[in-house]
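Descriptive analysis of the structure
Each chain is listed here by its residues.
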Amino acid sequence: MQNTGKLAGKTLFITGASRGIGKEIALKAAKDGANVVVAAKTAEPHPKLPGTIYTAVKEIEQAGGKGLACVVDVRDENQVRAAVEEAVKKFGGIDIVVNNASAISLTPTEGTEMKRYDLMNNINARGTFLVSKLCLPYLKKSSHGHILNLSPPLSMQPRWFAPNLAYTIAKYGMSMCVLGMHEEFRPYNIAVNALWPRTVIQTAAVDMLLGKETSANYSRKPEIMADAAYYILTKEPKPTGNFFIDDEVLAEAGITNLDQYAVNPKYKDQLIPDGYVDFKGPLSDTFKKTYRKKQESSDSSLGDGKIDGVFKAIRNNLDPKIVESTQAVYQFVVTGDEAGK
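Each chain has its residues counted from 1, following the order in which its sequence is written. Given that the model is predicted, a residue must reach a pLDDT of at least 70 before its local features are reported, and side-chain atom pairs must reach 80 or more before they are shown or counted; all residues, however, enter totals for whole chains, interfaces and linings. As a rule here, side-chain values cover all heavy atoms of the structure and leave hydrogens and water aside.

Description of the side chain of Ser-132
Put simply, DSSP marks the helices as runs of H or I at least four residues long and the strands as runs of E at least two long, and each gets a number from the N terminus on. With respect to the helices, strands and loops of the structure, Ser-132 is situated in helix H4 (residues 114-141). Partly exposed describes any residue whose relative accessible area lies between the buried limit of under 20% and the exposed limit of over 50%, with all areas from a 1.4 Å probe on protein chains only and scaled to the type maximum. Ser-132 sits in the buried class, given a relative accessible area of 0%. Polar contacts, as used here, are pairs of N or O atoms within 3.5 Å; protein pairs need one atom able to donate a hydrogen and one able to accept it. Residues neighboring in sequence count only if both atoms are side-chain atoms. There is a polar contact of 3.1 Å between the side chain of Ser-132 and the side chain of Asn-99. We call two residues contacting when some pair of their heavy atoms lies within 4.5 Å. If we ignore the near neighbours within four places in the chain, the residues touching Ser-132 are Asn-99, Ile-147 and Met-181.

What follows is the structure, given as structure tokens:
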């Protein structure tokens with residue numbers, strides 16, 4: 001997606017922007033000449049994760065923008081408040097908030113320690129609420145007020161809750177902020193929306209969850225989310241309260257060939273669908289057919305067939321220690337009456 005210059009001089013406050021999707025959104029805005037506040041925890045190099053708030057700012061300035069590095073744990077009200085005040089002092093205000101900071105633990109109820117539950121909910125749901133709340137006085141003054149949460153569309157289908165309930169609660173907390181703030185902030189003409197990917201996006205967190213080899217072959221680049229976010233954030237702010245999906249946003253922008261976003265073009269038709277959304281939209285025919293077959297197989301296994309019993313037995317014998325020690329993803333190819341993958 002080509003830059004338009006529409007974000008020139010605008011100030012973005014982006015949480016978790018030292019790496020991954022947050023940093024890509026920051027760099028995309030920087031190419032317009034935007035001011036970007038990198039609000040994240042990593043001030044010193046992490047042994048396993050790339051980038052710091054300072055290296056991110058350096059890249060932002062090299063891309064043509066102005067940066068401000070702020071050490072921020074979104075759970076800490078004082079740190080958030082100080083960063084907001086510093087941003088306003090340096091840039092004169094805040095026009096756009098991107099709530100990207102998030103914690104993830106894809107564990108079932110019994111396997112979720114309460115400290116992990118608290119971490120996810122304090123960062124994802126509470127952090128999003130806090131950052132939005134403290135930035136609100138300045139968004140009201142802006143002629144281009146936007147809040148964009150990187151969170152999934154709300155759906156009450158049990159299949160999105162069952163595998164990792166604690167994480168779903170935390171991410172849906174971010175999405176509920178969209179639902180409520182969109183209506184609450186309507187009088188101020190502030191656009192409040194959410195953005196979520198159709199497929200898995202390669203980030204450091206995904207590398208750790210799926211393994212680097214799987215992530216590198218079956219994911220898309222963070223740039224697809226940055227381009228989609230850019231398209232949303234360059235629009236005139238309107239109180240819409242939309243739950244955008246990256247490929248649908250790009251289709252509206254006229255970009256239907258998504259091959260450029262595949263980490264490994266060889267596997268562009270075998271990408272892993274992300275959670276919380278069905279696999280549809282302007283994707284390759286091979287991709288759609290593959291997913292539809294998987295969905296049909298999944299739906300059939302919800303009945304009383306033998307396969308359902310086998311996988312229930314497997315689930316009952318899994319625990320976090322086994323997953324951690326195995327560090328592998330298995331594909332089961334089933335033949336016969338309940339054929340599928």
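Focus: the packing of aromatic side chains
Note on ring pairs: Phe, Tyr and Trp rings are taken, using the six-membered ring of Trp, and paired if centres are within 6.5 Å. Classes follow the plane angle, with under 30 degrees stacked, over 60 edge-to-face and the rest tilted. The full count for this structure, using the stated rule, is 6 aromatic pairs. Pairing Phe-161 with Tyr-172 gives two aromatic rings, centres 5.2 Å apart and planes at 80°, and the pair type is edge-to-face. Of this pair, Phe-161 sits in helix H5 (residues 158-161) while Tyr-172 sits in helix H6 (residues 165-184), placing them 11 residues apart in sequence. Across the pair, exposure class does not vary: Phe-161 and Tyr-172 are buried alike. Ring pairs connect the aromatic residues Trp-160, Phe-161, Tyr-167, Tyr-172, Trp-196 and Tyr-276, which therefore count as one cluster. Residue placement shows Lys-28 over the ring face of Tyr-230; its charged tip is 5.3 Å from the ring centre. The criterion is that NZ of a Lys, or CZ of an Arg, lies within 6 Å of the ring centre and within 35 degrees of the ring normal, and then a charge sits over that ring. In this structure, Lys-140 packs its charged tip against the face of Tyr-188, placed 4.5 Å from the ring centre.

Some thoughts on the nonpolar core
Residues Phe-13, Val-84, Ile-94, Val-97 and Cys-135 are the most contacted members of the largest nonpolar core, which totals 43 residues. Of all the elements in the fold, those that place two or more residues in this core are strand S2 (35-40), strand S3 (66-71), helix H3 (77-91), H4, H5, H6 and strand S6 (191-196). The greatest single-element share of this core, amounting to 8 residues, is contributed by H4. If we skip the residues at most four places from it in the chain, Cys-135 touches Phe-13, Val-84, Ile-94 and Val-97. Only buried residues count toward a nonpolar core, which is a set of Ala, Val, Leu, Ile, Met, Phe, Trp, Tyr and Cys residues joined through side-chain atoms within 4.5 Å. Membership of the second largest hydrophobic core comes to 38 residues, among which are Ala-26, Ala-34, Val-98 and Met-225.

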